[in-house]
Amino acid sequence: MRAFARTLAEDPSHAGVLIGYVRYRMRGWNAERADPVHDTRRALAELADLAGPVPVVLLGHSMGARAALRAADDPHVRGVVALAPWCPPGEPVTHLAHRTIVALHDPADPVTSASDTWDYLHRAEAAGARVRGIRMPGGRHTMISRSRLWHSLATRSTADVLGLESPPRASATAPDPVWGADPLDAAIFISGRR
């Protein structure tokens, strides 16, 4: 995830944005304990102590994305950018009302299910979240293949959630950004970049 943080920090639209990291105290989700969620909440509290009531976007990969989605009920969190998220069936979504959720997932991911991610986005949208799913062409779970594309779309999505730049458009002539739970191909966002 450090490569994503570096890309965020280097993007001019993120000038003045504080970028922090969550350190997990324990390895794994740990069943009902969901330790990464508690660590994420601790980091959000530390951020509030440090910077005050600033708008927050959580960016996470796999289990980190699941923790970010669970912790998105924090009043300062505007949204989550979830990379190859782990969204098992039955994962809660009602707390995501009035949040923006962007999920990037390679359908060929052998570790986490893109189908589960799209189902999660449908449920989150029904709960009142603004959602976007992006089918990534390659990268599988590690996001190494086509990493520049992953970095670019994650950076642009984060800026969009914070309101720092115009959201990616589906095409140069589209009047509004494309939102909704049905996943879109990453290519339409590449060609629509201004």
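Residues numbered from 1 in each chain as written. Predicted model: local features only at pLDDT ≥ 70, side-chain atom pairs only at ≥ 80, totals over all residues. Heavy atoms only, no water.

**Student:** Which parts of the structure should I look at to understand the sheet that holds strand S5 (residues 180-185)?
**Tutor:** Two modes of strand pairing occur in sheets, parallel and antiparallel, and in both the strands are linked by backbone hydrogen bonds. Read across the sheet, five strands follow the order S1-S2-S3-S4-S5 without closing on themselves; strand pairing throughout is parallel. Lying at the two open borders of the sheet, with one neighbouring strand each, are strand S1 (56-61) and S5. Going from strand to strand, the sheet's axes swing by 15° on average, the running direction of each strand aside. The sheet contacts of helix H3 (residues 63-70) involve S1, strand S2 (77-83) and strand S3 (100-105), and relative to S1 the element is tilted by about 150°. (Pairing = 2+ DSSP bridges. Helix = DSSP H or I, 4+ residues; strand = E, 2+ residues; numbered from the N terminus. Axes fitted to C-alpha atoms, helices over the stretch in contact; angles between N-to-C directions. Contact = heavy atoms within 4.5 Å.)

**Student:** Is there a simple way to explain the packing of aromatic side chains in this structure?
**Tutor:** We describe a pair of aromatic rings using the distance from one ring centre to the other and the angle between the two ring planes. Following the criterion strictly, the structure yields one aromatic pair and no others. Between the aromatic rings of tryptophan 29 and tryptophan 86, the centroid separation amounts to 5.6 Å while the plane-to-plane angle is 75°, which identifies the pairing as edge-to-face. You can see tryptophan 29 sitting in the loop between helix H1 (2-10) and helix H2 (35-51) and its partner tryptophan 86 sitting in the loop between S2 and S3, a full 57 residues away along the chain. Under the relative-accessibility criterion, tryptophan 29 is labelled buried at 8%. The class of tryptophan 86 is partly exposed, set by a relative accessible area of 32%. (Phe/Tyr/Trp six-rings, centres within 6.5 Å; stacked < 30°, edge-to-face > 60°. Buried < 20%, exposed > 50% of the residue type's maximum accessible area, 1.4 Å probe, protein only.)

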